[in-house]
Amino acid sequence: MSVLTPRRGLSFGEVVARHHARGDLVVQPRMGFADPGRMARGLLATRAARAATVGTITIDSYTRVGDHEAARAALAAGADLNGYPLVDHDPVTTTALLDGVLTGDFPVQVRHGSADPRRIVRALLDFGLHATEGGPVSYCLPYSRMPLSAAVDNWRRSCETLAEARGPELEPHLETFGGCMMGQLCPPALLVALSVLEGMFFWRHGIRCLSFSYAQQTHAGQDEEAVAALHALIGEYVPHARTHVVIYGYMGVHPRTSGGALALIAESARLAARTGASRLIVKTTAEAHRLPTVAENVTALEHAAEAARGVSRSGRLGDTGIHAQAKALVDNVLSLDADLGRALVTAFARGQLDVPFCLHPDNAGRARGRLDPNGRLEWQRIGAMPLGDLVDLPADRRMTSGDLLDALRYVERSFDEKYGMPGIETVHRLTQGSRT
């Protein structure tokens, strides 16, 4: 397939920047359907939502792992996939789908979860799209058993392919997923450091329009400090890029009640507004039960946008050391090799980057995070990471299976217990909001 003429309109980063300048938080679903008609309806409903939105096409899991034969077989059989097989769908069908939904101020980002996104990147460019996300660490360690060195090379090539597509009417955009590692129980300093390192990797391989992720965790005050650290380190390490911060709604075990889920969505929106983030990836009330419908996605988008309106950016924040820890991790990686890809591989091989609870063979697995009595994430063990002078480790470094399960369900339990009751009292609490 030959590359199409870039679709006219603003780039993904420029659309987000313009909404942010007007004081609007961009809200975005994680949405993907195999059926082109349903995918189109989802994008059109997102575009029509009463909010500042951008579109999402989430790729199916066969395409994510490069099993294109299985994706084609599923399409031929009419099977229901968990995303849109962009690489293997009929190009005429996909072109018609996009022509029906894209406008000058409604771009679409392709989301995929792949440690080897080369074919996905080529396909999205073939269709005139220009925005995607992931990273050599964040889409390798949690989601594959591919050697980290191979993922680094795949992502280097993918960045270069995106960068080569730059033109007068097209500015490729790439979002790091590094701030979302494992979804939960990863102390914020490591999330910030990985987000910054992946963004630097993208920049060094030609990408000039970037977004940096951070996933909402267990304590709003701690999250505010973490996002402030992220903003500061972006300014220090990638000062010349066009950048914005994207917050992910809580990615761990979700509240089971609609009241609890709506309250958590609202809290993620207020976190984004308070921290000066430009974009929010929004979860729905269905997360604990099943894949959400289009209508549930739109309801969540509008709920998040409403919760963010009128929320002022936070002033002076407390300092519990997140910035210093994240900077120490970044600086240590940069000292290991002039080539950032090789430096990342070396850092993980030595355990100097170490993701808690990650079972990938290239992750040392000696670090652990846990919740303190106030719901803040802290280090229980740091392994070989260069944080010894910056972290006060607890005297008791054991974690039982019961402790782990309690930590995993902390947010679910907290929001369901506080907001799970039906009726007008729940509605009142949701609209008022609070900082925990």
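A quick note: this is a predicted structure, and the numbers were derived from the prediction, not measured. (Residues numbered from 1 in each chain as written. Predicted model: local features only at pLDDT ≥ 70, side-chain atom pairs only at ≥ 80, totals over all residues. Heavy atoms only, no water.)

A few words now on the sheet that holds strand β1 (residues 26-29). Sheet architecture is open: nine strands sit in the order β2-β1-β9-β8-β7-β6-β5-β4-β3, paired in parallel fashion. Of all strands in the sheet, those bounded by a partner on one side alone are β2 (52-53) and β3 (55-58). Relative to strand β4 (residues 108-111), β3 is paired through four bridges, and the arrangement is parallel. Paired with G55 across the strands is V108, a residue of β4. Across the sheet, helix α2 (residues 36-48) lies against β1, β2, β3 and β4, angled at about 155° from β3, the strand it touches most. Against the sheet, helix α11 (residues 294-308) engages β1, β2 and β9 (279-282), with an angle of about 160° to β1. (Pairing = 2+ DSSP bridges. Helix = DSSP H or I, 4+ residues; strand = E, 2+ residues; numbered from the N terminus. Contact = heavy atoms within 4.5 Å. Axes fitted to C-alpha atoms, helices over the stretch in contact; angles between N-to-C directions.)

Under the counting rule described, the total for this entry stands at 22 salt bridges. Between R50 and E302 there is a salt bridge whose closest N-O contact spans 2.8 Å. Of the two residues, R50 is situated in the loop between α2 and β2 and E302 in helix α11; the sequence distance between them amounts to 252 residues. In this structure E302 comes out as buried when scored by relative accessible area, which is 18%. (Salt bridge = Lys/Arg side-chain N within 4 Å of Asp/Glu carboxyl O. Buried < 20%, exposed > 50% of the residue type's maximum accessible area, 1.4 Å probe, protein only.)

The subject of this paragraph is the environment of L230. Following the sequence through the fold, L230 ends up in helix α9 (residues 220-237). Separated by 156 residues in sequence, L230 and P386 place their C-alpha atoms 19 Å apart. Discounting residues that sit within four places of it in the chain, L230 has contacts with V192, S195, V196, F212, S213, Y214 and V245.

Before going further, it helps to examine helix α5 (residues 91-101). Those residues of α5 lying buried are T94, L97, L98 and V101. Looking straight down α5, one finds that the buried residues subtend no more than 90° of arc, so they occupy a single side. Opposite its buried face, α5 presents the exposed residues V92, A96 and D99, each directed more than 90 degrees away. Buried residues along α5 sit in contact with α2 and β3. (Arc of directions from axis to C-beta.)

Considering every residue of the protein chain, the mean pLDDT works out to 91; 94% of them sit at 70 or more. Note that residues 1-6 has pLDDT below 50 and, in this model, 13 contacts with residues that lie over four places away or in other chains. The low-confidence segment residues 423-436 (pLDDT under 50) makes 22 contacts with residues lying over four places distant or belonging to another chain. (pLDDT = per-residue confidence, 0-100.)

Right, let's talk about the environment of L344 for a bit. When you line up the elements, L344 lands in helix α13 (residues 340-349). When its relative accessible area of 1% is taken as the criterion, L344 is described as buried. C-alpha separation for the pair L344 and S61, spaced 283 residues apart in sequence, amounts to 26 Å.

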